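These are the residues of each chain, in order.
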Amino acid sequence: MTSDYEFLTVDTVADHVRSVPALAQRIDPDHLVSVREIGDGNLNLVFLLHDASGRGLILKQALPYVRMTGEGWPMTPTRARFEVDSLRAHHALLPEHVVEVFHYDPDRFIIAMEDLSDHWVWRAALNEGLTHDGAAAAMGRYVGAVAFGTSALTLERTALAQAVAAAVNPELCLITEDLVFSEPSVDAGRNSVLEQNKPDADDLAADEEFVTAMGRAKWLFMTKSEALIHGDLHTGSVMVHAPEGSTTCDSVKAFDSEFAFYGPVAFDLGALWANYVIAAARAYALGNAARAIWALGMIQQTWDGFESEFRTRWADRRDPRVWREPFLEQLLATWSEESRLFAAAEMSRRIVGAAKTKDIETLPENVREGAARGVLLAARRFVRIQGADGTPPYLAGLAADTLRESRTS
Ligand code: SR1
Ligand code: MG
């Protein structure tokens, strides 16, 4: 694996900008007034730069290992190329909801992109108790645009084959296959829960129906090459902004798509749904039932945004001779069912697996116990829902009941 390249530091970011004329036009490397490393994700270095004229830029560099754990867990930095390619493809489809990339350095795996430092990372905003209405629908639209615009419904046959080939991303997919689908029930030594939640984790692992469902989810993930999906669309992969004094977003942008590949459309929807359940678990744990219900309402908003964007674009499908209206309805029904399967996977792994969420982890232990238990139980209940029963309101109701019952104090 490539690892002999120079890592950026706060002292060398100006040199990088200086070496790329396209970047030196966007920010003045000789008059930087602020340079901060702001990466708080699991994987990469992220620098925020501002110059004396108030212009900003983000430089993100992929490390050759997992930042969360250190050098003991190597990870290919070529993942940055998958992120750049997918961000560019997605931005072309829906510019208002995808961060803009300005430049990519393939030798040092550095992506330069627009400064969104006036935005919140959505997860952080949720954890602060802030409201950004419109974000859930916007991310649904994003998934709908990507589902239609990068798939066989849009791309000419050879272009599709080339796009699929260019997005083969096995190293990152393997991480998801292990962490999201296998390890919640088969601990590879990376799992952890509070002592009080050990019986919950054991019950999950012993739940034949759940594990069988995760086997199916993993199979779908590995075989269903429908569209160039984001691949890690949790609330930490979305930036949100609302005008001062408003709770309605005027800007929502997906970013951080290094896990992108040609995979199942429903994986992105399920990741969003799961993180709404996790946000609701936090709200219940903090005694805010109204906020929990609001969070669970985002399941419907994301679905509606997705469905309406996809239906609108459907008019332009390549082969309406055979891709008729009944097939559209079948596609949507299948994605709805698969979304809750993928949501269950994401919910379970965020509780027992290696990559947890601040929503749950920053709760005091006495209430974290119940929040974690509720999310695990909701995951087990989601996979038991039959066919068309699993509408967004049904899922929201089931999650609400489960999280409420599981509360501890
Ligand atoms: C080792 S990477 C762990 C997790 O971080 C990323 O954000 C993905 O969600 C991945 O599963
Ligand atoms: Mg990420």
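Residues numbered from 1 in each chain as written. Chains lettered and ligands numbered in written order. Predicted model: local features only at pLDDT ≥ 70, side-chain atom pairs only at ≥ 80, totals over all residues. Heavy atoms only, no water.

Moving on, we come to the overall build of the chain. On a plain count of helices and strands, the chain comes out with 15 helices and 12 strands. In terms of overall size, the chain behaves like a compact globule, its C-alpha atoms giving a radius of gyration of 21 Å where 409 residues would be expected to give roughly 22 Å. The C-alpha extent of the chain, read off along each of the three principal axes, is 60 × 60 × 45 Å. A total of 409 residues make up the chain; the buried ones form 57% of that total. Excluding contacts between residues fewer than 6 apart, the proportion of contacts in the chain whose partners are at least 24 apart in sequence is 72%. (Helix = DSSP H or I, 4+ residues; strand = E, 2+ residues; numbered from the N terminus. Rg over C-alpha atoms; globule rule 2.2 N^0.38 Å. Buried < 20%, exposed > 50% of the residue type's maximum accessible area, 1.4 Å probe, protein only. Contact = heavy atoms within 4.5 Å.)

This part is about helix 7 (residues 170-182). Along helix 7, the residues classified as buried are Leu 172, Cys 173, Ile 175, Thr 176, Glu 177, Leu 179, Val 180 and Phe 181. Tucked inside the fold, the buried residues of helix 7 contact strand 5 (70-74), helix 3 (79-93), helix 9 (208-223), strand 12 (261-263), helix 10 (265-285) and helix 12 (325-352).

Within a beta sheet, neighbouring strands are joined by backbone hydrogen bonds and run either parallel or antiparallel to one another. In spatial order, the strands read 8-10-11; together these 3 strands make up an open sheet with antiparallel pairing. Pairing within the sheet leaves two strands with one partner each, and these edge strands are strand 8 (120-121) and strand 11 (251-254). As defined by bridge partners, strand 10 (residues 238-241) adjoins strand 11 across 4 bridges and the pair is classed as antiparallel. Bridge pairing in strand 11 links Val 240 to Val 252. With respect to the sheet, helix 5 (residues 135-149) is in contact with strand 10 and strand 11, its orientation differing from that of strand 11 by roughly 45°. (Pairing = 2+ DSSP bridges. Axes fitted to C-alpha atoms, helices over the stretch in contact; angles between N-to-C directions.)

Around ligand 1 sit Asn 42, Leu 43, Val 66, Trp 73, Leu 179, Asp 232, Phe 259, Arg 349, Arg 350 and Ala 355, and that is every residue in its neighbourhood. Within the side chain of Asp 232, an N or O atom sits 2.9 Å from an oxygen atom of ligand 1. Separating an oxygen atom of ligand 1 from a side-chain N or O atom of Arg 349 is a distance of 2.8 Å. About the coverage of ligand 1: the protein hides 96% of its 320 Å² of free accessible area. Considering only residue class, the shell around ligand 1 consists of 6 nonpolar, 1 polar and 3 charged. (Near = heavy atom within 4 Å. Polar contact = N/O pair within 3.5 Å; in protein donor to acceptor, adjacent residues only side chain to side chain. Areas by Shrake-Rupley, 256 points an atom, 1.4 Å probe, with all protein chains shown as cover. Nonpolar A, V, L, I, M, F, W, Y, C, P; charged D, E, K, R; others polar.)

Moving on to the domain arrangement of the chain. Domain parsing of the chain yields domain 1 (33-113) and domain 2 (120-406). If you average the C-alpha positions of domain 1 and of domain 2, the two centres end up 23 Å apart. Each partner contributes to the interface: domain 1 provides 24 residues, whereas domain 2 provides 34 residues. With both sides pooled, the region where domain 1 packs onto domain 2 buries about 2,300 Å², and carbon together with sulfur makes up 61% of that total. Viewed at the interface, domain 2 and domain 1 are joined by 4 salt bridges. One salt bridge in this structure joins Lys 60 and Asp 256, with 2.3 Å as the shortest N-O distance. Inspection of the domain 1/domain 2 interface yields 12 residue pairs in polar contact (both at pLDDT 80 or more). A per-element tally of the side of domain 1 that touches domain 2 places helix 3 first, with 9 residues. When the residues that make up the side of domain 1 that touches domain 2 are grouped by side-chain class, the tally is 12 nonpolar, 6 polar and 6 charged. (Domains from an automatic or database assignment. Buried area = accessible area lost by both parts, 1.4 Å probe. Salt bridge = Lys/Arg side-chain N within 4 Å of Asp/Glu carboxyl O.)

Moving on: the pairing of strand 10. Burial of the side chains of strand 10 extends over both faces: Val 238 and Val 240 are buried on one face and Met 239 and His 241 on the other. Examined bridge by bridge, strand 8 and strand 10 share 2 bridges and lie antiparallel to one another. Within strand 10, the residue paired with Trp 120 across the bridge is Val 240.

Now for the packing of helix 10 against helix 14 (residues 365-382). Relative placement of two packed helices is described by the angle separating their axes and the distance separating the axes. For the pair helix 10 and helix 14, the least separation of the axes is 9 Å and the interaxial angle reads 145°. Read as a crossing pair, helix 10 and helix 14 show a hand that is right-handed. Here helix 10 contributes Val 277, Ile 278, Ala 281 and Ala 285 to the contact with helix 14, which in turn contributes Val 367, Ala 371, Val 375 and Phe 382. Of the residues contributing to the contact of helix 10 with helix 14, the split by class is 8 nonpolar, no polar and no charged. (Left-handed = near helix turned anticlockwise from the far one by under 90°.)

Helix 12 packs onto helix 11 (residues 289-314) with a crossing angle of 155° between their chain directions and a minimal axis gap of 12 Å. The angle between helix 11 and helix 12 falls in the class roughly antiparallel. Of the two elements, helix 11 crosses helix 12, and the hand of that crossing is right-handed. Residues Trp 303, Phe 306, Glu 307, Phe 310, Arg 311 and Trp 314 of helix 11 form the contact with helix 12, whose own contacting residues are Glu 325, Phe 327, Leu 328, Glu 329, Leu 331, Leu 332, Trp 335, Ser 336 and Ser 339. Within the contact of helix 11 with helix 12, the residues separate by chemical class into 9 nonpolar, 2 polar and 4 charged. (Parallel < 35°, antiparallel > 145°, perpendicular 65-115°, else oblique.)

A few words now on the packing of aromatic side chains. For the structure shown, the criterion picks out 17 aromatic pairs. Taken together, a centroid distance of 6.0 Å and an interplanar angle of 65° make the contact between Phe 181 and Phe 342 edge-to-face. Of this pair, Phe 181 sits in helix 7 while Phe 342 sits in helix 12; the two residues are 161 residues apart in sequence, bridging distant segments of the chain. Accessibility expressed as a relative area gives 2% for Phe 181, which makes it buried. The rings of Phe 148, Trp 273, Trp 303, Phe 306, Phe 310, Trp 314, Phe 327 and Trp 335 are connected pair by pair, giving a single aromatic cluster. (Phe/Tyr/Trp six-rings, centres within 6.5 Å; stacked < 30°, edge-to-face > 60°.)

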